[in-house]
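The chain contents come next:
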Amino acid sequence: MSLKKVEIIELLTQTNAEELYQRADKIRHENVGDEVHLRGLIEFSNICRNNCLYCGIRKGNAQVVRYHMSEEELIETARKAANIGFKTIVMQSGEDMYYTADKMCRIIEAIKKFDVAVTLSIGERTFEEYKSFREAGADRYLMRIETTNKELYHQLDPQMSWQHRYDCLMMIKDLGYELGSGIMVGLPQQTIESIAEDLLFLQKIGIDMAGIGPFIPHPNTPLANEKGGTLELALRTMAVMRIMMPDINIPATTAMESLHPQGRIKALKAGANVVMPNVTEGEYRKFYELYPGKICVNDTPIHCRSCIGMKITSIGRTIGNGFGSHIKKN
Ligand code: 5AD
Ligand code: FES
């Protein structure tokens, strides 16, 4: 549905929150049904060449215990996740150049044999690399634009270029990946108007998936003393996204649950239809700390799978057993 900027701002600020959530929930039900699609998230490396001010694994944070999984370890983690029923494997990492294109392609080819959809979330790469990952079998790619306010982006992501990130998103789309993007809300100096522009941008570029999470200040970053986003603003933004893009996939994000123990359930009742449980094993979970208060750091893949499964069925929803791809209706 097309909304004007003023209408988006009204929904984000004036409309009764419960009414907004119910409206988004109804649109979700009518367009993508009651199935919730689970994606097993593997956090396979916290090594990153970038220095984003908000991010706990930024290069400049010397307090992080750095790790990357070996090729075999990553494939084995994916195999176990597929065995416990995940139909999508999301591989996420910092921008770690240890994973050359050849290495990534070998990993993708191995994981595709487990009959799963493969999503990559490994940041900015060259067109040739994106192309080789796609040819190796990768189905989807996640990369948030974070904010469409270019000045703010350049302040928060020094050495990076907003235009380059945008160009990467376009390459990914052109290569036929399902494209996931999204933003953080509650960034320092971010206005409601800017969030409305972000939503219009995501709609215009035609994303297949939108991840929206609150910014949570990390103590070992330059933004340690900033305020952070609220769960309400994140939920409202997500609900408006659902109204604007009725048939896309929208995850209940982990950052939402980090702000409130029922954050993901609230999100599932306000427009979301996807959850990405962590399937990383052992200590790696706590070392992959993008923001503080991250949930499930001491849990196991099987525990998270059954925990979230129970939460989902307790609200009368079912767990999807297909790949849960974006099916365009409009
Ligand atoms: N708070 C919330 N989300 C964060 N991310 C990174 N750092 C933080 C933080 N401090 C999000 C970014 C990134 C995604 C993987 O995690 O939006 O794209
Ligand atoms: Fe990990 Fe609930 S999802 S413990």
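Residues numbered from 1 in each chain as written. Chains lettered and ligands numbered in written order. Predicted model: local features only at pLDDT ≥ 70, side-chain atom pairs only at ≥ 80, totals over all residues. Heavy atoms only, no water.

1. Examining the overall build of the protein chain
Across its full length, the protein chain holds 13 helices and ten strands. For the C-alpha atoms alone, the extent of the protein chain along its principal axes is close to 50 × 40 × 40 Å. By sequence separation, contacts in the protein chain at least 24 residues apart represent 76% of the contacts at least 6 residues apart. When the accessible surface of the protein chain is summed, it comes to about 13,500 Å², and 52% of that surface belongs to carbon and sulfur atoms. (Helix = DSSP H or I, 4+ residues; strand = E, 2+ residues; numbered from the N terminus. Contact = heavy atoms within 4.5 Å. Areas by Shrake-Rupley, 256 points an atom, 1.4 Å probe, with all protein chains shown as cover.)

2. A look at unusual backbone geometry
Notably, Glu146 is not glycine yet its phi reads approximately 70 degrees, a positive angle. By the element assignment, Glu146 lies in the loop between β5 (140–142) and α6 (150–156). Of note, Gln159 is a non-glycine position whose phi angle comes to about 70 degrees, a positive value. Looking at the element boundaries, Gln159 is found in the loop between α6 and α7 (162–174).

3. Looking at the packing of aromatic side chains
Scanning the entire structure with this criterion turns up eight aromatic pairs. Taken together, a centroid distance of 4.7 Å and an interplanar angle of 90 degrees make the contact between Phe44 and Tyr99 edge-to-face. Highlighted residues: Phe44 in strand β2 (residues 40–45) and Tyr99 in the loop between β3 (88–93) and α4 (101–112), separated in sequence by 55 residues. A residue is classified by how much of its surface remains accessible, and Phe44, at 0% relative accessible area, is buried. Of the aromatic side chains, those joined through ring pairs into one cluster are Phe44, Tyr98 and Tyr99. A cation sits over an aromatic face here: Arg134 above Tyr177, 5.5 Å from the ring centre. In this structure, Lys150 packs its charged tip against the face of Trp162, placed 4.4 Å from the ring centre. (Phe/Tyr/Trp six-rings, centres within 6.5 Å; stacked < 30°, edge-to-face > 60°. Buried < 20%, exposed > 50% of the residue type's maximum accessible area, 1.4 Å probe, protein only. Lys NZ or Arg CZ within 6 Å of the ring centre and 35° of its normal.)

4. Here's the deal with the nonpolar core
Residues Met91, Tyr130, Phe133 and Met241 are the most contacted members of the largest nonpolar core, which totals 100 residues. Here this core gets ten residues from one element, more than from any other, and that element is helix α9 (residues 231–244). Not counting residues within four places of it along the chain, the set of residues in contact with Tyr130 comprises Gly123, Glu124, Arg125, Tyr141, Met143, Cys168, Met171, Ile172, Leu175 and Tyr177. If you look at the next biggest cluster of nonpolar residues, it comprises six residues, including Leu41, Val90, Met209 and Val274. (Core = buried A, V, L, I, M, F, W, Y, C linked by side-chain atoms within 4.5 Å.)

5. Side note on the site of ligand 1
Every residue near ligand 1 is listed here: Tyr54, Cys55, Gln92, Arg144, Glu146, Met184, Pro214, Phe215, Ile216, Leu290 and Tyr291. One nitrogen or oxygen atom from the side chain of Glu146 is found 2.6 Å from an oxygen atom belonging to ligand 1. In the model, a nitrogen atom of ligand 1 is placed 2.8 Å from a nitrogen or oxygen of the Ile216 main chain. The fraction of the free accessible surface of ligand 1 (400 Å²) that becomes covered by protein chains is 87%. Split by residue class, the shell around ligand 1 holds eight nonpolar, one polar and two charged. (Near = heavy atom within 4 Å. Polar contact = N/O pair within 3.5 Å; in protein donor to acceptor, adjacent residues only side chain to side chain. Nonpolar A, V, L, I, M, F, W, Y, C, P; charged D, E, K, R; others polar.)

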